[in-house]
Amino acid sequence: MRTRRTRPVLVYDGDCAFRGTCVSFAERRLRPRCESVPWQFADLEALGVTQQRAEHEVVWVTPAATVYGGAQAVAKLLLSTGGGWGVLGALLTLPPVRWIAHGLYRLVAGNRDRMPGGTPACALPTERRPAAGPAPSPTGY
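Fair warning: this is a prediction, and the values are worked out from it, not measured in the lab.

Cut-offs used in this document
- Sequence positions are assigned chain by chain, starting from 1 and proceeding in written order.
- Local features in this predicted model are restricted to residues whose pLDDT is 70 or higher, and side-chain atom pairs enter the listing and the counts only when it is 80 or higher, whereas totals over whole chains, interfaces and linings include all residues.
- Only hydrogens and water are set aside; all other atoms, that is, all heavy atoms of the structure, feed into the side-chain values.
- Here the axes come from fitting lines to C-alpha atoms, over the contacting stretch only for helices, and the angles between their N-to-C directions go from 0 to 180 degrees.
- Runs of E in the DSSP output that reach at least two residues are strands. Runs of H or I that reach at least four are helices, and both are numbered from the N terminus.
- In this scheme, roughly parallel covers angles under 35 degrees and roughly antiparallel covers those over 145, while 65 to 115 is roughly perpendicular and the rest are oblique.
- Whether two residues touch is decided by their heavy atoms; if any such pair falls within 4.5 Å, the residues are in contact.
- Three residue categories are used. Nonpolar comprises Ala, Val, Leu, Ile, Met, Phe, Trp, Tyr, Cys and Pro, charged comprises Asp, Glu, Lys and Arg, and polar comprises the others, including Gly.
- Each residue is assigned to one of three classes by its accessible area relative to the maximum for its type, calculated with a 1.4 Å probe on protein chains only: buried under 20%, partly exposed between the two thresholds, exposed over 50%.

*Asks:* Tell me about the packing of helix H4 (residues 71–81) against helix H6 (residues 97–110), and name the residues and values.
*Replies:* One way to put it is that H4 packs onto H6 with a least axis distance of 8 Å and a crossing angle of 110°. Between H4 and H6, the crossing angle belongs to the class labelled roughly perpendicular. Contacts between H4 and H6 pair Ala-71, Gln-72 and Val-74 from the former with Arg-98, Ala-101, His-102 and Tyr-105 from the latter. Of the residues belonging to the contact of H4 with H6, the class tally is 4 nonpolar, 2 polar and 1 charged.

What follows is the structure, given as structure tokens:
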């Protein structure tokens, strides 16, 4: 029997140093109310997320299994922190800010190997990345 999650799950690409750096920053500084897990260690089927989507964008999965991706996943993460960051997250959900955020997310995601903390592996398709892989997930997802 599958246990029902009580917290949202943030699924990200653990092989991409840029995304890992962003998630580490968020965990340390923003303290979002979620569990963070690299997709490589997540039960994607149980979360209702395809591997293709998890490779393409960061994903936020609510306890009710609603899935948000890309800029809207970032908005949900910010909303979960409350305070000023929560206000920014709320703004990211509103048109036209939502549309601009989506475009900026795609721009950053497409160039993450060039971003601070990024590595050439961030630009490689999953099947061509070095076999080292991400660090094990403490949450077990």
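*Asks:* Which residues make up unusual backbone geometry, and what values do they have?
*Replies:* Residue Pro-96 is reached from Pro-95 by a cis peptide bond, and omega for that bond is -5°. At Ala-65, a residue that is not glycine, the phi angle is positive and equals roughly 75°. Turning to its location among the elements, Ala-65 is positioned in the loop between strand E3 (59–61) and strand E4 (67–69). Residue Ala-65 is classed as partly exposed on the basis of its relative accessible area, which comes to 47%.

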